[in-house]
Amino acid sequence: MSAAPTGDDVGLESSLEASITSTCSFGASRARIFKIIVIGDSNVGKTCLTYRFCTSCFPDRTEATIGVDFRERSVEIDGERIKIQLWDTAGQERFRKSMVQHYYRNVHAVVFVYDITNMASFQSLPSWIEECKQHLLSNDVPRILVGNKCDLRDSIQVPTDLAQKFADSHSMPMFETSAKNTTDHVEAIFMTLAHKLKSHKPLILSQPPENTVQLNSGAKTTFPCWC
Ligand SMILES: Nc1nc2c(ncn2[C@@H]2O[C@H](COP(=O)(O)OP(=O)(O)OP(=O)(O)O)[C@@H](O)[C@H]2O)c(=O)[nH]1
Ligand SMILES: [Mg+2]
């Protein structure tokens with residue numbers, strides 16, 4: 001199984017832009033869409049994390065993301081259908097240049113990812129935060145910090161308390177997880193974010209775009225609200 005870009009998980013730019021409106025068709029009803037961008041250095045596991053959340057699998061093999069890969073999953077929260085649309089961005093600068101302004105347009109939340117076995121990926125976080133600032137991301141947009149690869153316990157370079165201090169200083173919740181390990185609750189992290197978005201975003205009714213497609217079957221999940 002590969003997480004390299006395929007026709008299944010990479011939307012055309014135009015259809016992406018069209019689908020970032022507030023609602024989309026979902027069977028007979030409509031679903032709100034939450035656009036969440038996942039950013040951080042190359043190799044930290046952004047593709048694997050988004051793949052894990054949307055397919056419940058860990059990809060056998062990945063290649064560096066070029067531009068952006070687009071994955072989504074439909075969930076039900078408190079009786080409402082929500083589409084969680086994950087923008088899995090490229091960590092390598094040369095693969096970001098042409099797309100970067102699209103990442104930040106109409107974004108609802110940001111997930112910063114570092115690799116707990118790679119201090120340099122943690123030290124890069126200020127520059128990712130700076131990139132958000134440069135793209136005029138509102139302070140109201142929720143952000144979370146995710147330390148990935150915590151299955152590699154013998155290779156830890158970023159102590160939890162250091163990451164927690166950094167997260168606190170930027171008013172972000174912090175999670176350590178593993179895209180590889182099924183017990184590390186990747187799902188709970190994204191669902192927590194979706195709960196937060198749902199509780200803060202008013203329901204805006206608009207006409208759904210005509211040609212949106214549901215990529216993944218809905219999954220019913222309940223988690224306590226995180227405020
Ligand atoms: N052990 C372990 N390896 C992981 C985990 N997540 C990802 N990896 C591995 O880390 C490497 C990079 O993963 P990707 O998901 O492709 O990284 P990325 O952040 O998307 O990289 P770019 O697309 O270049 O920005 C791959 O070899 C993955 O198998 C994890 O939780 N644990
Ligand atoms: Mg990737």
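Up top is the structure.
Because the structure is predicted, anything quoted here is derived from the model rather than measured.

Conventions adopted
Residues numbered from 1 in each chain as written. Chains lettered and ligands numbered in written order. Predicted model: local features only at pLDDT ≥ 70, side-chain atom pairs only at ≥ 80, totals over all residues. Heavy atoms only, no water. Disulfide = S-S within 2.5 Å. Buried < 20%, exposed > 50% of the residue type's maximum accessible area, 1.4 Å probe, protein only. Helix = DSSP H or I, 4+ residues; strand = E, 2+ residues; numbered from the N terminus. Pairing = 2+ DSSP bridges. Donors = N, O, S within 2.8 Å, 3.2 Å for Na, K, Ca; no water. Near = heavy atom within 4 Å. Polar contact = N/O pair within 3.5 Å; in protein donor to acceptor, adjacent residues only side chain to side chain. Areas by Shrake-Rupley, 256 points an atom, 1.4 Å probe, with all protein chains shown as cover. 1 Å grid on protein atoms, 1.4 Å probe; cavity = no way out; pocket = protein on both sides within 12 Å on 5 of 7 lines; lining within 4 Å. Sits in = over half its atoms within 2 Å of the grid points. Nonpolar A, V, L, I, M, F, W, Y, C, P; charged D, E, K, R; others polar. Contact = heavy atoms within 4.5 Å. Expected span 1.5 Å × (residues − 1). Points joined across faces, edges and corners; volume = space filled by probe spheres on them.

Draft legend 1. Seen up close, the state of the cysteines. Within the structure shown, the criterion is met by zero disulfides. Counting only cysteine sulfurs, Cys 57 is the nearest neighbor of Cys 48, a cysteine outside any disulfide, at a range of 11 Å. Using a relative accessible area of 10% as the deciding quantity, one classes Cys 48 as buried. Cys 150 forms no disulfide, and the closest cysteine sulfur to it belongs to Cys 48, at a distance of 14 Å. Of the residues examined, Cys 150 reaches a relative accessible area of 6% and is grouped as buried.

Draft legend 2. Geometry of the pairing of strand β5 (residues 109–115). Counting buried positions along β5 gives seven out of seven residues, so the element sits mostly inside the fold. Alignment of β5 against strand β6 (residues 143–148), held across six bridges, turns out to be parallel. Residue Asp 115 lies in a different strand from β6, and its bridge partner there is Asn 148.

Draft legend 3. Region of the structure containing the coordination of the magnesium ion (ligand 2). Only Thr 47 (OG1) and Thr 65 (OG1) from the protein reach the magnesium ion (ligand 2) as donors, at distances of 2.0 Å. In this pair, Thr 47 is assigned in helix α2 (residues 46–55) and Thr 65 in the loop between α2 and β3 (68–77), connecting sequence segments 18 residues apart. Since its relative accessible area comes to 9%, Thr 47 is described here as buried. Its relative accessible area of 8% is what places Thr 65 among the buried residues.

Draft legend 4. Region of the structure containing the pairing of strand β4 (residues 80–89). Counting buried residues in β4 gives nine out of 10 residues, a clear majority hidden from the surface. Between β3 and β4, which pair antiparallel and follow one another directly, the connecting turn spans two residues, one of which, Asp 78, has a positive phi of 50°.

Draft legend 5. Quick peek at the site of ligand 1. Taken together, 21 residues are adjacent to ligand 1, and Ser 42, Lys 46, Thr 62, Thr 65 and Gly 91 come closest. Contact distances for ligand 1 include 2.7 Å between an oxygen atom and a backbone N or O atom of Thr 65. When ligand 1 is considered free in solution it has 650 Å² of accessible area, and contact with the protein chains removes 87% of it. When atoms are counted within 2 Å of each cavity's grid points, the one that captures over half of ligand 1 is the largest pocket. With three residues, the single largest contributor to the shell around ligand 1 is α2. Of the residues that constitute the shell around ligand 1, the class distribution is seven nonpolar, nine polar and five charged.

Draft legend 6. Here's a closer look at the environment of Ala 194. By secondary structure assignment, the location of Ala 194 is in helix α8 (residues 186–200). Considering only alpha carbons, one finds Ala 194 and Phe 112, 82 residues apart in sequence, at a separation of 15 Å. Not counting the four nearest positions on each side in its chain, Ala 194 is found in contact with Phe 34, Ile 77 and Ile 84.

Draft legend 7. Examining α8 more closely. Taking 1.5 Å of rise per residue, 15 residues should cover 21 Å, and α8 covers 22 Å from first to last C-alpha, within 8% of that figure. α8 sits mainly inside the fold: 12 of its 15 residues count as buried.

Draft legend 8. Quick peek at the layout of surface pockets. When its volume is computed, the largest pocket comes out at roughly 390 Å³. At three residues, α2 tops the list of elements feeding residues into the lining of the largest pocket. The class makeup of the residues in the lining of the largest pocket is seven nonpolar, 11 polar and five charged.

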